[in-house]
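# Structure at a glance
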Amino acid sequence: MGGKAFQMSKGERAFDIFLYIALTLIMIVTLYPFLNVLAISFNESTDTVRGGIYIWPRAWTLENYQRIFSYTGLVQGFKISVLRTISGTLLGLLSSSMLAFTLSRPEFRARKFVSYFLALTMYFSGGMVPMYILMRDLNLIGTFWIYILPGAVSAFNVFVIRSFMDGLPFALQESAKLDGANDFKIFYKIILPLCKPVLATIALFLAVGQWNEWFSTYLYNGNKAHLTTLQYELMKVLSSTNQGSGMVNANDMAQQMAQISPESIKMAITIVVTVPILAVYPFLQKYFVGGMTLGAVKA
């Protein structure tokens, strides 16, 4: 028995070594693109043209970041992106959780109809042209609200939150009703505190979606400099430096940067755009993992 146990422990150690090696390789493959972008962003512009930069800058400099932060369009885009991300995430959480709470109530007679109606929106849409006409008729084009209101309710988010709420003990709501609490008090005082894991998960989805969205700016507010977003500015720089003559009238910064250091500028802006959303994840990680695990158990 002792020998067999010893053999098993050796096998387990061998498996652990293999696992560590495999995970290390996966980590390297995963981190290398980001480290390469980071290294190029800190490398001197003229030296970058030579190539051969991997995960460490060959000629350190902060000039690339100084140049992009001197451009007022980028600063304005950063402000709008932050405001859009915060507003869109909060409104999306509030509206989706309230609708999910309504659909989770057994006394709501139209819950099946509303659920089927929401499910249809996940598979069918009116298309880009009808959507543009609708936004025009609602007078949302050229305003900040075009970033917030169209995505205030997501069927997927509603179903995820409702699934989580369905798993909560309904006796809690019944006890609160006996104590005289109304539906709003039950929602805010009992349901929302218990839904922190799923709300954090949905908040991360919403924040990443709002932060990375640029097409709505291009489609609705492309000629509004005060409503530009960080991702839209990045897209203009990438288009201009990749195509040479692309978006000439709309992107003076990209033209200037392309003459100086197209590769370094692209990488520096990519880092500026990426780092803020990466900084948010550690604060939501435990809730995110908990929400995903609970959702998997329910499924």
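Residues numbered from 1 in each chain as written. Predicted model: local features only at pLDDT ≥ 70, side-chain atom pairs only at ≥ 80, totals over all residues. Heavy atoms only, no water.

### Notes on the overall build of the protein
The secondary structure content of the protein amounts to 14 helices and zero strands. In the protein, the succession of α and β elements from N to C terminus is α-α-α-α-α-α-α-α-α-α-α-α-α-α. The buried share among the 299 residues of the protein stands at 36%. Partitioning the intrachain contacts of the protein with sequence separation of at least 6 by distance along the chain shows that 68% fall at a separation of at least 24. When the accessible surface of the protein is summed, it comes to about 17800 Å², and 67% of that surface belongs to carbon and sulfur atoms. (Helix = DSSP H or I, 4+ residues; strand = E, 2+ residues; numbered from the N terminus. Buried < 20%, exposed > 50% of the residue type's maximum accessible area, 1.4 Å probe, protein only. Contact = heavy atoms within 4.5 Å. Areas by Shrake-Rupley, 256 points an atom, 1.4 Å probe, with all protein chains shown as cover.)

### As for the packing of helix α7 (residues 155-166) against helix α10 (residues 196-212)
At their nearest, the axes of α7 and α10 sit 10 Å apart, and the two run at 170° to each other. In terms of orientation, α7 lies roughly antiparallel with respect to α10. Considering only the axes of α7 and α10, their crossing is right-handed. Along the contact surface, α7 presents F156, N157, V160, I161 and F164, while α10 presents P197, V198, L199, I202, F205 and L206. Here the residues of the contact of α7 with α10 sort into ten nonpolar, one polar and no charged. (Axes fitted to C-alpha atoms, helices over the stretch in contact; angles between N-to-C directions. Parallel < 35°, antiparallel > 145°, perpendicular 65-115°, else oblique. Left-handed = near helix turned anticlockwise from the far one by under 90°. Nonpolar A, V, L, I, M, F, W, Y, C, P; charged D, E, K, R; others polar.)

### Topic: the environment of L103
Of note, L103 is situated in helix α4 (residues 72-104). Separated by 59 residues in the primary sequence, L103 and R162 place their C-alpha atoms 7.0 Å from one another. Not counting residues within four places of it along the chain, the set of residues in contact with L103 comprises F108, R111, V114, S115, L118, V158 and R162.

### What about the side chain of N64?
If you trace the backbone, N64 turns up in helix α3 (residues 63-69). For N64, the side chain forms a polar contact with the main-chain oxygen of S41, separated by 2.8 Å. (Polar contact = N/O pair within 3.5 Å; in protein donor to acceptor, adjacent residues only side chain to side chain.)

### So, the pattern of salt bridges
Per the counting criterion, the structure on display carries seven salt bridges. Ionic pairing is found between K177 and E107, a salt bridge with its closest N-O pair at 3.9 Å. Taken as a pair, K177 in helix α8 (residues 170-178) and E107 in the loop between α4 and α5 (111-123) lie far apart in primary sequence, 70 residues in all. Since its relative accessible area comes to 42%, K177 is described here as partly exposed. A salt bridge links K236 to E233; its shortest N-O distance comes to 3.3 Å. (Salt bridge = Lys/Arg side-chain N within 4 Å of Asp/Glu carboxyl O.)

### Considering the confidence of the model for the protein
For the protein, per-residue confidence averages 81 on the pLDDT scale, and residues scoring 70 or more make up 84% of the total. Note that pLDDT drops below 50 for residues 244-251; the model gives that stretch twelve contacts with residues more than four away or on any other chain. (pLDDT = per-residue confidence, 0-100.)

### Digging into unusual backbone geometry
In this structure, N139 is a non-glycine residue whose phi angle is positive, near 60°. Turning to its location among the elements, N139 is positioned in the loop between α6 (128-137) and α7. Looking at N139, the relative accessible area reads 62%, which means it is exposed.

### A look at the nonpolar core
Ranked by internal contacts, the top residues of the largest apolar core, which has 24 residues, are I161, M165, I191, C195, V198 and L199. Those elements that provide at least two residues to this core are α4, α7, α9 (183-194) and α10. Residue contributions to this core peak at six residues, all from α7. Counting 20 residues, the second largest nonpolar core, distinct from the first, contains Y65, V237, I271 and V273. (Core = buried A, V, L, I, M, F, W, Y, C linked by side-chain atoms within 4.5 Å.)

### Describing the packing of aromatic side chains
Applying the stated criterion across every chain, the model contains 14 aromatic pairs. Judged by centre distance (4.9 Å) and plane angle (75°), the ring pair of F187 and Y188 falls under edge-to-face. Judged by its relative accessible area of 2%, F187 falls in the buried class. For Y188, a relative accessible area of 40% gives the class partly exposed. For the pair Y218 and Y232, a centre-to-centre distance of 6.4 Å together with 45° between the ring planes defines the contact as tilted. In this pair, Y218 is assigned in helix α11 (residues 215-220) and Y232 in helix α12 (residues 230-243), connecting sequence segments 14 residues apart. Look at Y218 and you get partly exposed, because its relative accessible area is 44%. (Phe/Tyr/Trp six-rings, centres within 6.5 Å; stacked < 30°, edge-to-face > 60°.)

### Description of the packing of α4 against α9
The interhelical angle for the contact between α4 and α9, taken along N-to-C directions, is 110°, at an axis separation of 11 Å. The angle between the axes of α4 and α9 places the two elements in the roughly perpendicular class. In this structure, α4 contributes L94, S97, M98 and F101 to the contact, and α9 contributes D183, F184, I186, F187, Y188, I191 and L192.

### Concerning the environment of G92
Within the secondary structure, G92 sits in helix α4. Among the residues examined, G92 registers a relative accessible area of 1% and is labelled buried. Separated by 56 residues in the primary sequence, G92 and I148 place their C-alpha atoms 8.4 Å from one another. With residues near it in sequence (within four places) discarded, G92 still touches A152 and L206.

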